[in-house]
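# Reading the structure
Okay, here's what each chain looks like letter by letter:
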Amino acid sequence: MSNQRRAKIDRRAFLFGATGTVVGLHPSASYSWTAAQTTPAPDTGNCLFVSNQGRDANPGSELRPLKTFHAAKKAVAKLRKSTSGPITVYFRAGAYYLLEPIVFRPEDSDAPEAPIIYSAYPVEHVTLSGGTRLAPLWTPYRGGILQTPVPPGTYTDQLFVNGERQILARYPNYDPDAKYLNGYAADAISPERARRWAYPRGGYIHTLHQYLWGRLHFEIIGKDASGNPTYEGGWQNNRPASMHAQYRFVENIFEELDAPGEWFLDKGKRILYFYPPPGSDLKNAVIEVVRLKHLVEMRGTADAPERWIGVRGFTFRHTARTFMETREPLLRSDWRIYSGGALHLSGTEDCHVGHCEFDDRRTIAYHTFTDFKLFSATVTIKPGGPEAHGP
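The shown structure was predicted, so the numbers you read here are calculated from the model rather than taken from an experiment. (Residues numbered from 1 in each chain as written. Predicted model: local features only at pLDDT ≥ 70, side-chain atom pairs only at ≥ 80, totals over all residues. Heavy atoms only, no water.)

### Focus on the overall build of the protein
- Broken down by element type, the protein carries 4 helices and 35 strands.
- The buried share of the protein, taken over its 391 residues, is 53%.
- Of the contacts formed within the protein by residues at least 6 apart in sequence, a portion of 70% connects residues at least 24 apart. (Helix = DSSP H or I, 4+ residues; strand = E, 2+ residues; numbered from the N terminus. Buried < 20%, exposed > 50% of the residue type's maximum accessible area, 1.4 Å probe, protein only. Contact = heavy atoms within 4.5 Å.)

### Description of the packing of aromatic side chains
- Scanning all chains against the criterion turns up 22 aromatic pairs.
- With centroids separated by 6.1 Å and ring planes inclined at 45 degrees, the aromatic side chains of Tyr 211 and Trp 213 adopt a geometry described as tilted.
- You can call Trp 213 partly exposed: its relative accessible area is 40%.
- When the ring centre of Tyr 121 is taken as origin, the NZ or CZ atom of Arg 92, which lies over that ring, is 3.7 Å away.
- Sitting over the face of the ring of Phe 249, Arg 170 holds its NZ or CZ atom 3.8 Å from the ring centroid. (Phe/Tyr/Trp six-rings, centres within 6.5 Å; stacked < 30°, edge-to-face > 60°. Lys NZ or Arg CZ within 6 Å of the ring centre and 35° of its normal.)

### Comments concerning the sheet that holds strand E14 (residues 167–168)
- If you trace the 5 strands from one edge of the open sheet to the other, you get E10-E11-E21-E20-E14, paired in mixed fashion. The open sheet terminates on both sides in strands that have one partner only, identified here as strand E10 (139–142) and E14. (Pairing = 2+ DSSP bridges.)

### Here's the deal with helix H3 (residues 69–80)
- For H3, built from 12 residues, the straight-helix expectation of 16 Å at 1.5 Å per residue is met to within 8% by its first-to-last C-alpha distance of 17 Å.
- Those residues of H3 that sit buried are Phe 69, Ala 71, Ala 72, Ala 75, Val 76 and Leu 79. Down the axis of H3, the buried set is contained in an arc of 145 degrees. They therefore lie on one face. In H3, those exposed residues whose orientation departs by more than 90 degrees from the buried face are Lys 74 and Lys 78.
- Lining the buried residues of H3 we find strand E3 (47–50), strand E4 (87–91), strand E6 (102–104), strand E7 (116–120) and strand E8 (126–129). (Expected span 1.5 Å × (residues − 1). Arc of directions from axis to C-beta.)

### Examining the pairing of strand E19 (residues 243–251)
- Counted residue by residue, E19 has 7 buried out of 9 residues, so it is predominantly covered.
- Relative to E19, strand E15 (residues 170–171) is paired through 2 bridges, and the arrangement is antiparallel. Within E19, the position partnered with Arg 170 by the bridge is Glu 251.
- Where strand E16 (residues 204–209) and E19 come together, 5 bridges link them in antiparallel fashion. If you follow Thr 207 over to E19, its bridge partner there is Arg 248.

These figures capture arrangement, not role.
Quick look at the structure:
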């Protein structure tokens, strides 16, 4: 590593957020990211356009836009061979459901005088989603619960109806006013309670640490001969301890589907069950489920950093929970982390995030100790509805 590069590292300033965000602020070089935030959409050869009404076979012009983020990324690489200067990719209004994460690597980097900017079209709302939209065929099941078949390969830990996250079947039922965990019960995993469960494998136990330091999470793997649930997990803490005897609840168990707003997915039968709240119009509702853990990744290394890539004006939504993958220990910390998120940056320099909204506190960008320019005043992180129990 050169002395000049080492000096840059020594001068870095880092902010550490309560949800595990690490952001390194580094002065930008010759290109003004600040100016780029308010630049109107020009009609030049250095712009590409993406629209849900487009086609990936199109050239990416404003009149003949591309359809997907992946196609836009390929088009940028092709355009770069024939042009110099900044390239901006404008996304027209709508939700873009990603089939897989968008991954930028060092070969996608550019120079200070020619950054690549992926942006929502001015004054239009653009969502990058790690989920997919369903076309359910609801039929009655029992007791107010509806059911619908889902496509093969549907695996989700979250259900959204008209943009609102619903409640995964749980005991005790969701209580927004409860002091802890939106509701807790000492008997949540008692043998008496577990007798109600025909097949609890895949259910979760969420609990506070024995000394109320934070939360622990466990996955149910079955029941023993005495009817007690068996489970694994609890590794989210660097200092192992028992789960709290009172502050605990279980979720993702079919027999606990008993309250309006709750849902359950039977993966084996490929049936989604939902207990709609009173007055729900499911015939015209937008039904979405979650698929991806990451939406956008920028991956570089110390010797080959990812550079001069910007994302601007997007809402990041629908990322899968990762609480059972929270295993990476932090030095001198009580807790472990999961190195990922909706926007995951590693080995980056002079990259930019501005005017973006993360509508769930778990989908915040995670950054791994590299130069990164974040206009924090323009980034909004929203709570994201009912508690999702995971970093």
